[in-house]
Amino acid sequence: MKFQNEWPAYATNNQLNDYIKGLFKNLPIFTTLQDDEPVLNVYAGIQKFKIYKDVLIFGIGGSSLGGQALYALKNTSKPQLHFVDNIDPAAFLQKVSALDLKNTGIICISKSGNTAEPLMQLLLTVQQYEAQNIEWQKQCAVLTERKDNALRLFAKKHNLLTFDHPSDIGGR
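Just so we're clear, the structure is a prediction, and the values are computed from it rather than from any experiment. (Residues numbered from 1 in each chain as written. Predicted model: local features only at pLDDT ≥ 70, side-chain atom pairs only at ≥ 80, totals over all residues. Heavy atoms only, no water.)

Caption draft 1: Quick look at the pairing of strand β1 (residues 54–58). By the criterion of burial, β1 is predominantly enclosed, with 5 of the 5 residues buried. Here β1 shows no split at all, with D54, L56 and F58 on one side and V55 and I57 on the other all buried. Pairing of β1 with strand β2 (residues 80–84) involves 5 bridges; the strand directions are parallel. Residue pairing in the sheet places I57 in a bridge with F83 of β2. In this fold, the crossover linking β1 to β2 by way of helix α5 (residues 62–71) has right-handed handedness. (Buried < 20%, exposed > 50% of the residue type's maximum accessible area, 1.4 Å probe, protein only. Helix = DSSP H or I, 4+ residues; strand = E, 2+ residues; numbered from the N terminus. Pairing = 2+ DSSP bridges. Right-handed = clockwise from strand over helix to strand, strands pointing away.)

Caption draft 2: Focus on the pattern of salt bridges. Within the structure shown, the criterion is met by 5 salt bridges. In this structure, the salt-bridge partner of K111 is E145, at a minimum N-O distance of 4.0 Å. Placement of the pair is K111 in the loop between β3 (104–109) and α7 (116–131) and E145 in strand β4 (residues 140–145), with a sequence separation of 34 residues. Overall, E145 belongs to the buried group, its relative accessible area being 11%. Between E145 and K147 there is a salt bridge, with the nearest N and O atoms lying 3.3 Å from each other. The partly exposed category is assigned to K147, whose relative accessible area is 45%. (Salt bridge = Lys/Arg side-chain N within 4 Å of Asp/Glu carboxyl O.)

Given below as structure tokens:
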């Protein structure tokens, strides 16, 4: 369906979502990624997060915006993703406090692994899990470059599921 010529001005959200999904499906980057082993490994690892009711995603800028755009095209209601890209401490703690942490996964994304905001969000959230005696390590994954950085060292120390952010892909 050609958008300019055939698309009704009163299209439903589902029609628009289907149209946009069709556009993405045919973009070369998405067909290339289907055969990319690191991407397939991330996809396989992230499948474990489907068991959770909610998933907190920490990241700033490009580490959050791309995921938010793709999530807007979702066709499932579970899990509910919460992109936390605001550094306001009151709003952050209000968001985390409203969730059932036993049924909430955590994904922390930072290409450099040294971005202060997602690191602080992760540390504050870990405190909330530990205050409730929840073994958060099995509910957490990180995505960062494959080099020594604060996030990778934290993940290694706590034996977290860790994915390598390709160094040839920009952080934004």
